[in-house]
Amino acid sequence: MNFIMKKNIITAWLLAAVYWTSGAQVITPDDAIRSAMATHPTAKAAALGVRAKTFSEKGALNLPNPEVNMESPTGEFYAVGVLQSFEFPTVYVRQKQVAKAETALARAAQKVTENDLRYNVRVLYLEAQAGLFVKQQWFSRDSLYRLIAAASQRQFDAGEIDFLQKTLVENEASQVHEEWRASEQTAATALDLLAGYAGVSSQAALQPLQADSMILAAPEMNNPAVAYEQQAVQLAENQVSLEKSRALPNFSIGYLNQGPRNTPLDYRFRASVGIPLWAGQYKSGVNAARTESEAAVARAEAQSQAVRLQYDRIQNELSNAITKVKYYQKEALPRSRTIISTALRLREAGQTDYVTFLRTLDEAYSIQRDYAAELQRAETARIQLLYLSGQ
């Protein structure tokens, strides 16, 4: 049986293996993302953070506790009194606004967490896809090289080649086999990492590695980190308004009978107004809040600019990667297959020695390895664009 026929048998076996594994449960990136959103601790922590801030809104009024006292104003009996203090109503309005802004900031932080989770899952999924893709490449090559090594042994036994050529073939086949074993371990580790992070089964099948970016339209910019900083600006502005309102008068109202037992009810109440005379302390609080607001605006602008620059850079990288992937698909990969089939035919006909034959095969397979690397680079750029756009 010649090399080409055996290679066809190997190809058919691989196609059958692919067909058999297609019956296993296939986990898509979206499936993995949904699982991570439901099970990952950071997603739970972000959701609980929002819930905590929602509860805090109910305490935004924050009235001081009433004072209950007992005293003897006339020296004849004890009278029970009650005193309740209040801030100016505007203060409570501003506190409610700050509490709502903090809840909105917690929700923005949750969006950032979810976006990070989506990115991490997609990266781990891509690494697992690439690991399986490379593993399949090395398995195909290892299968072929084992046949070549067996053939070289028969030719050496028949006196057709010398010991050096046989040793070179055995050494090359051994190296390829070790590369396949290493790729198998790498793929298994990548699957375990994906399973542990996303909470999916490590035995599930993945979608094959392919250039999804070939049909990707530029996503709309809606970066959660930018939205978070913008919400932080809103919170800082509400803090400024709250600090300003603290300079308004406060009030207290109470009940205490300070006269005889028969004192009319109308004369048993008392009220007071707190005059904000110490303007300096209120002014320093307002200035601190205003400075923090300006800093928040600067951070939001810096974050937006950084994301935009990174977005443009990744778009350029994606465009270059897509161009290279198309080149490999249209020209380089067909050429590599032609090189392999031609080298096998020439070797079978005895028109080339094993040194040239193995060097030719290595060059052809290096094209396939480079294609896998470019394909992964294109997908990485696509994932980064989705991350920057908050998708």
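This report concerns the structure included in the present document.

What counts as what
Residue numbers here run from 1 along each chain, matching the order of that chain's written sequence. In view of the model being predicted, local features appear only for residues whose pLDDT reaches at least 70, and side-chain atom pairs are presented and counted only at 80 or more, with totals across whole chains, interfaces and linings using the full set of residues. Side-chain measures were taken over the full set of non-hydrogen atoms in the model, leaving aside hydrogen atoms and water. The secondary structure listing takes helices from DSSP runs of H or I that are at least 4 residues long and strands from runs of E that are at least 2 residues long, numbered from the N terminus. In this analysis, the expected span of each helix is defined as 1.5 Å times one less than the number of residues it contains. The buried label goes to any residue with under 20% of its type's maximum accessible area, the exposed label to any with over 50%, and the partly exposed label to all in between, with areas taken from a 1.4 Å probe on protein chains only. Within this analysis, the arc is defined by the directions that extend from the helix axis to the C-beta atoms. Should any heavy atoms of two residues lie within 4.5 Å, those residues are counted as being in contact. Two strands are counted as paired when DSSP detects at least two bridges linking them. Here, nonpolar core means buried Ala, Val, Leu, Ile, Met, Phe, Trp, Tyr and Cys residues that are tied together by side-chain atoms lying within 4.5 Å of each other. To get an axis, a line is fitted to the C-alpha atoms, and for a helix only the part in contact is used. The angle between two axes follows their N-to-C directions and goes from 0 to 180 degrees. For this analysis, a salt bridge means a side-chain nitrogen from Lys or Arg found within 4 Å of a carboxyl oxygen belonging to Asp or Glu. Geometric relationships in this document are graded by angle, where less than 35 degrees denotes roughly parallel, more than 145 denotes roughly antiparallel, 65 to 115 denotes roughly perpendicular, and other angles denote oblique. In this scheme the handedness of a crossing depends on how the near helix is turned from the far one: anticlockwise by less than a right angle means left-handed, clockwise means right-handed. In this classification, the charged set is Asp, Glu, Lys and Arg, the nonpolar set is Ala, Val, Leu, Ile, Met, Phe, Trp, Tyr, Cys and Pro, and all remaining amino acids, among them Gly, are polar. Between 30 and 60 degrees the pair is tilted, below 30 it is stacked and above 60 it is edge-to-face, where a pair is any two Phe, Tyr or Trp rings, Trp via its six-membered ring, whose centres lie within 6.5 Å. Two conditions define a charge sitting above a ring: the NZ of Lys or the CZ of Arg must be within 6 Å of the ring centre, and it must be within 35 degrees of the ring normal.

**What about helix H3 (residues 41-58)?**
Residue pairs three or four apart in sequence face the same way in an α-helix, which turns once every 3.6 residues.
Thought 1: The terminal C-alpha atoms of H3, which comprises 18 residues, lie 26 Å apart, in line with the 26 Å expected from a rise of 1.5 Å per residue.
Thought 2: Every buried residue of H3 is accounted for by Ala43, Ala46, Val50 and Glu57. In a view along the axis of H3, the buried residues occupy a sector of 65 degrees, so they form one face of it. For H3, the exposed residues set more than 90 degrees away from the buried face come down to Pro41, Leu48, Arg51 and Lys58.
Thought 3: Of the surrounding secondary structure, the elements contacted by the buried residues of H3 are helix H2 (29-39) and helix H4 (89-157).

**A few points about the pairing of strand S5 (residues 250-255)**
Thought 1: Across five bridges, the pairing between strand S3 (residues 79-86) and S5 is antiparallel. Each bridged residue has a counterpart across the sheet, and for Ser85 the counterpart in S5 is Ser252.

**Looking at the nonpolar core**
Thought 1: In this structure, Tyr145, Ile148, Tyr354, Phe357 and Leu361 are the most contacted members of the largest nonpolar core, which totals 21 residues.
Thought 2: For this core, the secondary structure elements donating two or more residues are H4, helix H5 (163-198), helix H7 (279-348) and helix H8 (354-388).
Thought 3: Broken down by element, this core gets its largest block of residues, seven residues, from H4.
Thought 4: Counting residues in each nonpolar core, the second largest holds 16 residues, with Ala32, Val121, Leu194 and Ala204 among its members.

**Remarks on the sheet that holds strand S2 (residues 67-71)**
Pairing between the strands of a sheet comes from backbone hydrogen bonds, and it takes one of two forms, parallel or antiparallel.
Thought 1: On the basis of which strands lie adjacent, the open sheet formed by four strands has the order S2-S3-S5-S6 and antiparallel pairing. Two strands in the sheet have a free side with no partner beyond their single neighbour: S2 and strand S6 (269-274). Ignoring strand direction, the axes of neighbouring strands in this sheet form an average angle of 20 degrees.
Thought 2: Looking at chain direction, S2 and S3 are connected through five bridges and run antiparallel. Within S3, the residue paired with Met70 across the bridge is Val80.

**Examining the pattern of salt bridges**
Thought 1: Under the defined criterion, the tally for this structure stands at 13 salt bridges.
Thought 2: Taking the shortest distance from any N to any O, the salt bridge between Arg34 and Asp31 comes out at 2.4 Å. You can see Arg34 and its partner Asp31 sitting in helix H2, three residues apart, about one turn around the helix.
Thought 3: You can call Arg34 exposed: its relative accessible area is 52%.
Thought 4: Judged by its relative accessible area of 26%, Asp31 is partly exposed.
Thought 5: Here Glu170 makes a salt bridge to Lys166, at a shortest N to O gap of 3.0 Å. In this pair, Glu170 and Lys166 both sit in helix H5, four residues apart, roughly one turn of the helix.
Thought 6: Glu170 sits in the partly exposed class, given a relative accessible area of 34%.

**As for the packing of H4 against H5**
Thought 1: Between H4 and H5, whose axes approach to 7 Å, the crossing angle comes to 160 degrees. For the element pair H4 / H5, the angle class is roughly antiparallel. In this structure, H4 crosses over H5, and the sense of that crossing is left-handed.
Thought 2: Considered class by class, the residues forming the contact of H4 with H5 number 25 nonpolar, six polar and nine charged.

**Quick look at the packing of H4 against H8**
Thought 1: Two numbers describe how H4 lies on H8: the axes approach to 10 Å, and their chain directions differ by 170 degrees. Between H4 and H8, the interaxial angle falls into the category roughly antiparallel.
Thought 2: Its residues assigned to classes, the contact of H4 with H8 shows 21 nonpolar, eight polar and seven charged.

**Topic: the packing of aromatic side chains**
Thought 1: Scanning all chains against the criterion turns up 10 aromatic pairs.
Thought 2: Residues Tyr354 and Phe357 carry aromatic rings whose centres are separated by 6.1 Å and whose planes lie at 70 degrees to one another, so their mutual orientation is edge-to-face. Here Tyr354 and its partner Phe357 are both found in helix H8, three residues apart, which amounts to about one turn of the helix.
Thought 3: Since its relative accessible area comes to 1%, Phe357 is described here as buried.
Thought 4: Taken together through their ring pairs, the aromatic side chains of Phe133, Tyr327, Tyr328 and Tyr371 make up a single cluster.
Thought 5: When the ring centre of Tyr354 is taken as reference, the NZ or CZ atom of Arg347 above it lies at 4.1 Å.

**Observations regarding the environment of Asn62**
Thought 1: Locating Asn62 in the fold gives a position in the loop between H3 and S2.
Thought 2: Leaving out residues up to four positions away in the same chain, Asn62 has contacts with Tyr92 and Gln95.

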